[in-house]
Each structure stands twice: as C-alpha cells, then as structure tokens.
Amino acid sequence: MGSRGRPPRPAAPRPPALPALLPVLAALAAGAAEARATSEGQLPGAAAMGTGTPPSPSGTAFEETRLHVFTLDYPHVQIPFEITLWILLASLAKIGFHLYHKLPSIVPESCLLILVGLLLGGIIFGAEEKSPPVMNSDVFFLYLLPPIVLDAGYFMPTRLFFENFGTIFWYAVVGTLWNAIGIGISLYGICQISAFGLTDITLLQNLLFGSLISAVDPVAVLAVFENIHVNEQLYILVFGESLLNDAITVVLYNLFKSFCQMRTIKVIDIFAGIANFFIVGIGGVLIGILLGFVAAFTTRFTHKIRVIEPLFVFLYSYLSYITAEMFHLSGIMAITACAMTMNKYVEENVSQKSYTTIKYFMKMLSSVSETLIFIFMGVSTVGKNHEWNWAFVSFTLLFCLIWRALGVFVLTQIINVFRTIPLTFKDQFIIAYGGLRGAICFSLVFLLPPAVFPRKKLFITAVIVVIFFTVFIQGITIRPLVEFLDVKRSNKKQPAVSEEIYNRFFDHVKTGIEDVCGHWGHNFWRDKFKKFDNKYLRRLLIRENQPKSSIVSLYKKLEIKHAIEMAESGMISKVPSSVSLSDYHEGKIKPLSPTEMENMREILTKNLYQIRHRTMSYNRHSLAADAGEKQAKEILIRRRHSLRESLRKTNSLSRERPVLAVSAAFC
Amino acid sequence: MGVPRVPAPVTSLLALAVTSEQIEHLHRRFKQLSQDQLTIRKENFDSIPDLEFNPIRGKIVHAFFDKRNLRQESDGLADEINFEDFLTIMSYFRPIEMNMDEEQLDRFRKEKLKFLFHMYDSDHDGKITLQEYRNVVEELLSGNPHLEKESARSIADGAMMEAASICVGQMGPDQVYEGITFEDFLKMWQGIDIETKMHVRFLNVDTIAHCY
C-alpha cells in the first residue's frame, strides 16, 4: 500500500535492459532464465536463431543480414509472457488440487498453494543460485489485494454486518491495539534477556513488529473459512474484524515507523497518531461511499450500452481503493464501503446479464489474486533473507497465540454486556483460533527500511514462521475442531417465498413491539434509514424507481425465469410471445392480457419452486447459480411430468382442468 | 412519577423471568400508553406515532388483545388489558438466557412461535388457511402502492404450495391441503433461530419516544 511508503527495492536479479515493472516475475523459470541469457547480448528485435550474422558495430555496408526465416524474440514479450505463465501455473495448480476430490476438504487450498510456491522457489533457487525475487509489495498492495477485498465486500451480507457492527469494530480496533502493544512489550521483555542475543532491538522496533504481526488477514481468513461453513454470525465477526483492522494497522505501522526514525517523541505526536486513526478510517469509508454513489448514479444512465456496465463497477471500486491509498487512508475500508454501497443500487439498474457478468468476473479475479498471493508467499520464503534465532521466533509465535486468546476472551466479556445475543465460549474459541495471519503482514515486513532495522531478516523469519503456523496448523485443524466442538454451521437452504414472507412479517412484528415499548433498537434505525433511502437515495440513483418489496421482486424474477424456460422448452406454445428474450433484454415485459397472466400463474402455482438465492452463501469459489440451474432443471422435469399427466387425462393441453384442481384444493 | 406502584399479581410474573428492572420500565411505558389508567384499550395504541407506518399494525395491536396470547382459557378478543396482561405479551419477547437447558429452550421457542402463529391465524381455528395467508401477504405488501392485488394473491398461493410440499410432500392433483397447522408451522421455521432473533431489549426504554 502506498501508505506504507515507497518500498525499498528488494534485491532482485534483473537484467538491466528490462523495465522494472514486475521484477518478481523476472525469475519465472530456469528456462526463461536461459532464454534471457542467450538474448541478452543481442539488440532487441534482432535476435536471430541459427546462423544469422549479428550486425557488426562498425556497420559496414557490405555485410548484410540475410532474411531470417525463423526468429525468437523473447525480450519483446517477456513481461506479458511471464505474467501469463504465472497465472496459468496458478490456475493449473488449482485444477490439480481438485482432481483428488478429498484433498480440499482436509487441507485448505492456501496451504497447497504455498507448498507449490515453496517448490517453485526451491527450483529457482537451485537453478540460479541466488534468492528468488521476493514478492514486490507494490504489486501486492496495488494489484493483488484489491480484487479479493472487492469480492468480499460486494457479497457481504450487509444486514448481518451492521447488526454486529459494534462487536466487529470493538474487536478490530481495541483487539488489534491490545495485540500489538501486548506482543510488542512482551517481546521487548524477552529481548532484554541477554542470553538470547537480542538486546539491540529497541522497544519501538518491537512495538512496530507487534503492530504488523497482530493484523488478522482477510485473505487467509477467507481462504480457510470458506470451506468450513460456520454459521454466518461467527463468519461475519472474524471476517469483518479482518477488514476493519486495516485502518488501525496502517496507523500503528506508520506511527511506530516514524517514531523509530524520529529522535525525540513528544506527547503531541501520540495525539497526532490518534487523530490520524480517525482520519484514516473515516476518510477511507467516506471515499468509498462517495464513489459508490457516483457509480450507482452512473449506472442509472447505462441502459443503452449494457455491454460496458460491469466495467463501471470495477473501475469505480478500484478508483476508490487507489484514491484512498493516494491520501494514505485505508484503501481496504474504502473499497469495502464502495462495494457495499454500490451493491444495492447497481443491482437494480443493471441488466440481468451484466449482473451475472459482474459476479463471475469478480469471483474470477479474486480467485486468481488469492492463488497468486499464496504462491508468491511460498516463492519468497525460499532464499537468503533469513536469520534464525530460536528465542525470538518461538516467543513471537507463543505471544501471538497467547495475546490473541487473552484478547478475545477479555474483550468478549466486556462486549457481551452490550450484545443481545452473547457470544459463547465456543464462539470465542473459534474467533481466537480464526485469527490467521497472512500476506499483509508478510508484505509489511518486507517494507521495513533496513537502515532503521538492522535485524530485519530476523523479523522476516519470525513473520514467516507465524504465517506458516497459522495457515498450515490452524488452517488444517480448524475444520476438525469445528466439528468436534459442534459449532453451529450455516444452513445452506435456499430461501423460499414463504421464508421471505415470514422474515418480513417478523421484522415488522419486532419493529412494532419496539415501537410499543418505546425502544429504539436496531430495527428503529434500520427503518429510519430505509425511509430516507426510499425518499431520496433511490429516487436519485435508480432508474425506474418503483419502491419494490423484495418479496415481489423475487417472485417476479422467478416468474420471468420460468416463463422463459417454458417457452424455450416448447411446452407451452401459447405462452404470450411478448415474454420473450428480447423484451426481457430491455428489462420490460409488455403487459399480458389478464387471461394469459391468470393461466401462467395457475400453472406456476401448481408446482414447486424455489427462489433464486439472492444472498451468497460463503463459498467464494462457486456461485449459487449452480444450485439454481439444477433446480431449474428439476422444475422443468416436474412440470413436464405433471403436464404429461394432465395431457393423458384430458387428451388435450387444456388449462381448465389444472385451474379447477387448484381451486378445489384450496376452497 | 415517584415509586412505581407495581401491582401485586406481578410477582407471579417473576416466574416469567422478566427482571424487576424491566418490569419497572414497562410499567412506566404502560402508564404512558394508558394515560394513567389501569387498562389499555385498542384506541390507546393509536397514540404511538411510529406504529402508523407499520403495515401489519392491525395484527400487532390485535395480538395484544388476543386471549390465546394472554394465556386465558377462553377464546376471542379481550376489550382491554391491564398491566399484567401487557407484561405477559412482552414476555414473549424476552431474550434467552445462557443457562437454559435443551428442554427449556425448546419450550421457549414453541411459545414464541405460537405467538406468531396466532398472528397469522386470525379466525382462531388453529389452522392458517389460504385466505388468511393471502390476507397476511396483502397486509405486508400494503405499503407498496404500485402493487396489484393479483400479485399479492399469487405470492400467497405460491407460498402455500411450498408449505404444502414441506408438510405433506408430493400431493396428487385431487388432494386437498386444508391449512397450516401449528406442527406444520413449526416445521417451516425449523431452520430459523427464532429464539435468538425474537427479543426486544426493553431495558433501554427511551422515554423520549412518547406518545402524543
């Protein structure tokens, strides 16, 4: 992240002729290295294979080069070539894991990817006898991290998030502070013991180290939690914490880093640090919300050019991230806020196809990013960047675990007083155990200026050990632990119309009772926001603004979908042709005649159906559409069956009989 | 207001596990609503401003006077309720405690669901028929002026079909599904944690939100 300061270029082997954009990819494979070596001495574009004579420096006019039938020009395409190869390798690795179908359920993908990275790093190290280039922090923070956070923020269940917001905020801010200071001070205590040879590490350095290692990492959390399907409440607590703690991590990191470089520290600096926290956090969120609204407003006018609608979503969210980074605010919070804001309104404005495109593309990007991050972590581990010190490393690990557990326990006791649903010990254990560290602390430690931190290599080693421990040991064991402790899992049932009705009914009951009691609860604020939303925001940001109940829109979308299916399957040739794909394209259905509507409805009501799953279940690598498609097929089969039945009985595709049957059933 | 005069029968309500502090708060609120009378009538609920916007306002008010909710043996509607009845209704919304065992939790859950069931079942016959369901959906969607009655009806029909399939399974074309009984209702809410969601923290009664 830009807020961490310009990274000092890590020692990376780079051929001098190439631009320094992505040095990490420069050492892709031994083969690439060889190709480079041969082409190094040649003028770019003129590398010849075989027997071409190189143009002589004196340029005598008589010695011409013959026409080359076949040329190899690697430097010309080197960078895109290597990027493509990396991404391809990452994706092939993923395919490989899933071939053995039991593997992903035992070992989370992140572990396997790190192993692949280690293997690759080992190969490169062995082939070139020098350390492979470490993951460039710029590449990580500017290109690899945003898609993951965007994906998570876009599909975050907002309602649950805001219901638990206080708790999440409490864990993120106070918890991270607690961890950072606790780890820093206890490590300093250890360093004071001269037997370990660590006395040259100052208190401030320890505090800085504590602050960068206490950050729970959203990438790692997502990677591990998506397989274990804990209930949404727990998931949102851990994941929300990992997102929100970015603000405090940024502030602490910069604070302690500048303190390390300053000679004297005044009280005013501490206050500046606190003020900085508020600015970083709130500023990031504001930028996100602002750009989210702009994005929603833009999509209001895109109905003529549906094709580029998805682009706006990605552009605006990425813009919010890098704008926040430009001001040294929290980019993660900005992009999360932007995604959450945008989601509501954009979904109504864009066409169905654009919506699907956005979903798929987002998932694809985030999947690729995550894979690349873990592989790079593996690759960067191998090499000569390490300094091993038993005491420091083991105590770091120990303190991380102890302070995390203590922190969660103490903080939960306090926050349980304010929560309506108190957190049980099981929940606390999972929250503490799910505090995984990942690529963010990895990149942060590489950004430390070596001039100020002579023992930087020691820090790197310690961070790597902690990350590996949390990702491997905790990542692998969390699933059996969840089962052993019998933690409540998420129920992945698809919501049906009746459930939506019940939920809505229930909300109103609760709001009503709260009104009677005079209690301003969550529902009160949510209601107020909804009124404000309906009155101003929706009118501004949504194109055809009809205040829609979600029950109705669910039902209508389903009707449309089924009408299309039926028309496509050729069963009902009398389905009004107005309900055809071209109309649906424009998002409008021409009004059907009442009898046709009635007929369609009766047929639909005769059968079972389930509504398209609107909120995502927490599986980042597959979309719920799979279930929807299976269901659509099932519905079609059932309908064919029942219509065949009625055909048999009446010898004609008459609609009177089904109508009678239904009305008889209910009178 | 001085020392709140909590009526004597309330002590039996401590068995309902509403703390005395909560009782005090609710008593204050009761006095506000009843304008210092001993009982509340339906008209008193009109004075709550925010309740106006609630689409199922009628059902909520009705629930307060429903004798089945008041744990009285008879059926039908009461004309007025006193503080004890008010507390009885409120006790349906108390939060779960950490130390409840399985059986208590189950009973708790059933009670809450019975409350909701009574709200659906307006004619008190123990079944939610299609007409009652349609009624509920229409009320729910009544806040939306753009909606035709047709849609509400068909949504209710669809939901009823789903209920039928969950409770009875595959139905032949001539089978009649009469209505959702309480057992069926329980089945449908199985996935949802009603015991954790259905509570109101009436400790923080804010007396600013008073009635006119």
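None of these values were measured; they are calculated from a predicted model.

Draft legend 1. Fine view of the overall build of chain A. If you tally the helices and strands in chain A, you get 25 helices and 0 strands. Taking all 667 residues of chain A together, the buried fraction comes to 52%. Here chain A has roughly 30,600 Å² of accessible surface; of this, 67% comes from carbon and sulfur atoms.

Draft legend 2. Layout of the overall build of chain B. The helix and strand inventory of chain B stands at 9 helices and 2 strands. Ordered by position from N to C terminus, the α and β elements of chain B give α-α-β-α-β-α-α-α-α-α-α. Scored against the burial criterion, the 212 residues of chain B give a buried share of 49%. Considering only residue pairs separated by 6 or more positions, chain B has 58% of its internal contacts joining residues 24 or more positions apart. Of the accessible surface of chain B, which amounts to about 10,100 Å², a share of 50% is contributed by carbon and sulfur atoms.

Draft legend 3. Inspection of the environment of Ser91(A) at higher detail. As for its position among the elements, Ser91(A) is in helix H2 (residues 74-99). On a C-alpha basis, the gap between Ser91(A) and Ser367(A) in space is 9.0 Å, while along the polypeptide they are 276 residues apart.

Draft legend 4. Molecular detail of the packing of aromatic side chains. Residues and elements named next belong to chain A. Applying the stated criterion to the full structure yields 28 aromatic pairs over all chains. Considering the side-chain rings of Phe209 and Phe392, the 5.4 Å spacing of their centres and the 45° angle between planes classify their relative orientation as tilted. In this pair, Phe209 sits in helix H8 (residues 203-213) while Phe392 sits in helix H15 (residues 390-416), placing the two residues 183 residues apart along the sequence. Of the two residues, Phe209 and Phe392, neither departs from the other in class, the shared state being buried.

Draft legend 5. Examining the side chain of Asn179(A) more closely. Residues and elements named next belong to chain A. Tracing the chain through its elements places Asn179 in helix H7 (residues 165-192). Take Asn179: its relative accessible area is 4%, and that puts it in the buried class. In contact with Asn179, not counting residues within four places along its chain, are Gly184, Ser214, Trp403 and Arg404.

Draft legend 6. View of the pattern of salt bridges. All names here are of chain A. Scanning the entire structure with this criterion turns up 7 salt bridges over all chains. Of the charged contacts, one joins Lys94 and Glu109 as a salt bridge, the two residues approaching to 2.9 Å between their closest N and O atoms. Taken together, the positions of Lys94 in helix H2 and Glu109 in helix H4 (residues 109-128) put the pair 15 residues apart, joining distant regions of the chain. For the pair shown, Lys94 and Glu109 are each scored as buried. Between Asp151 and Lys363 there is a salt bridge; the shortest N-O distance is 3.5 Å. Taken together, the residues span a long stretch of sequence, with Asp151 in helix H5 (residues 137-154) and Lys363 in helix H14 (residues 352-381) at a distance of 212 residues. According to the relative accessible area criterion, Asp151 is buried, its value standing at 1%.

Draft legend 7. A nonpolar patch on the surface, seen in detail. Together, Met262(A), Ile265(A), Val267(A), Ile270(A), Phe271(A), Ile274(A), Phe278(A), Ile282(A) and Leu286(A) line one region of the surface with nonpolar side chains, adding up to about 870 Å² of accessible area. Looking at the secondary structure, you find Ile282(A) in helix H11 (residues 267-299).

Draft legend 8. Up close: the nonpolar core. Residues and elements named next belong to chain A. Of all hydrophobic cores here, the largest spans 135 residues; its most connected members are Leu145, Tyr154, Phe225 and Phe392. When residues in this core are grouped by element, the largest group, 18 residues, is from helix H10 (residues 232-261). Dropping the residues within four chain positions of it, Leu145 is found in contact with Phe140, Val219, Tyr321, Ile332 and Ile440.

Draft legend 9. Here's a closer look at unusual backbone geometry. Although it is not a glycine, His328(A) sits at a positive phi angle of roughly 60°. Topologically, His328(A) is positioned in the loop between helix H12 (309-326) and helix H13 (331-349).

Draft legend 10. Summary view of the confidence of the model for chain A. All names here are of chain A. Considering every residue of chain A, the mean pLDDT works out to 73; 69% of them sit at 70 or more. When pLDDT is averaged over each helix and strand of chain A, the minimum, 34, is found for helix H22 (residues 581-585) and the maximum, 92, for H12. Confidence drops under pLDDT 50 across residues 1-59; counting only partners more than four residues distant or on other chains, this segment forms 91 contacts. In this model residues 651-667 is a low-confidence stretch, pLDDT under 50, and it forms 27 contacts with partners more than four residues away in sequence or in other chains.

Draft legend 11. Focus on the packing of H10(A) against H11(A). Residue and element names in this part refer to chain A. At their nearest, the axes of H10 and H11 sit 9 Å apart, and the two run at 150° to each other. Of the possible angle classes, the one that applies to H10 and H11 is roughly antiparallel. As H10 packs across H11, the resulting crossing turns out to be right-handed. For the pair formed by H10 and H11, the contact residues are Ala247, Ile248, Val250, Val251, Leu255 and Phe259 on the first element and Asp269, Ile270, Gly273, Asn276, Phe277, Val280 and Gly281 on the second. Along the lines of polarity and charge, the residues of the contact of H10 with H11 split into 9 nonpolar, 3 polar and 1 charged.

Rules and cut-offs
Here the residue index of a chain counts from 1 through its sequence in written order. Each chain is given a letter, starting from A, and each ligand a number, starting from 1, according to the order in which they appear as written. This being a predicted model, a pLDDT of at least 70 is required before a residue's local features are given, and a value of 80 or more before pairs of side-chain atoms are given or counted; all residues contribute to the totals for chains, interfaces and linings. Think of the side-chain values as coming from all heavy atoms in the structure, minus any hydrogens and water. For the purposes of this entry, the term helix denotes a DSSP run of H or I that reaches at least four residues, the term strand denotes a run of E that reaches at least two, and both are numbered from the N terminus. Exposure classes here rest on a 1.4 Å probe applied to the protein chains alone. A residue is buried below 20% of its type maximum, exposed above 50%, and partly exposed in between. Every accessible area reported is derived by Shrake-Rupley at a probe size of 1.4 Å, with residue values counting cover from the shown protein chains alone. Should any heavy atoms of two residues lie within 4.5 Å, those residues are counted as being in contact. Centres within 6.5 Å make a pair out of two Phe, Tyr or Trp rings, where for Trp the six-membered ring is used; the pair is then stacked when the planes are under 30 degrees apart, edge-to-face when over 60, and tilted otherwise. In the sections that follow, a salt bridge refers to a side-chain nitrogen of Lys or Arg positioned within 4 Å of a carboxyl oxygen of Asp or Glu. Note on patches: the residues involved have over 30% relative accessible area and no salt bridge, like charges join within 9 Å, and the nonpolar side chains Val, Leu, Ile, Met, Phe, Trp and Tyr join within 5 Å. Only buried Ala, Val, Leu, Ile, Met, Phe, Trp, Tyr and Cys residues count toward a nonpolar core, and they belong to the same one when joined by side-chain atoms within 4.5 Å. Each residue carries a pLDDT score, the predictor's confidence in it, ranging from 0 to 100. Each axis is a line fitted through C-alpha atoms, and for a helix only the stretch in contact is used; angles between axes span 0 to 180 degrees, taken between their N-to-C directions. Orientation is classified from the angle alone, with under 35 degrees giving roughly parallel, over 145 giving roughly antiparallel, 65 to 115 giving roughly perpendicular, and any other angle giving oblique. We call a crossing left-handed when the near helix sits turned anticlockwise from the far one by less than a right angle, and right-handed when that turn is clockwise. As a working rule, the residues Ala, Val, Leu, Ile, Met, Phe, Trp, Tyr, Cys and Pro are called nonpolar, Asp, Glu, Lys and Arg charged, and the rest polar, with Gly in that last group.

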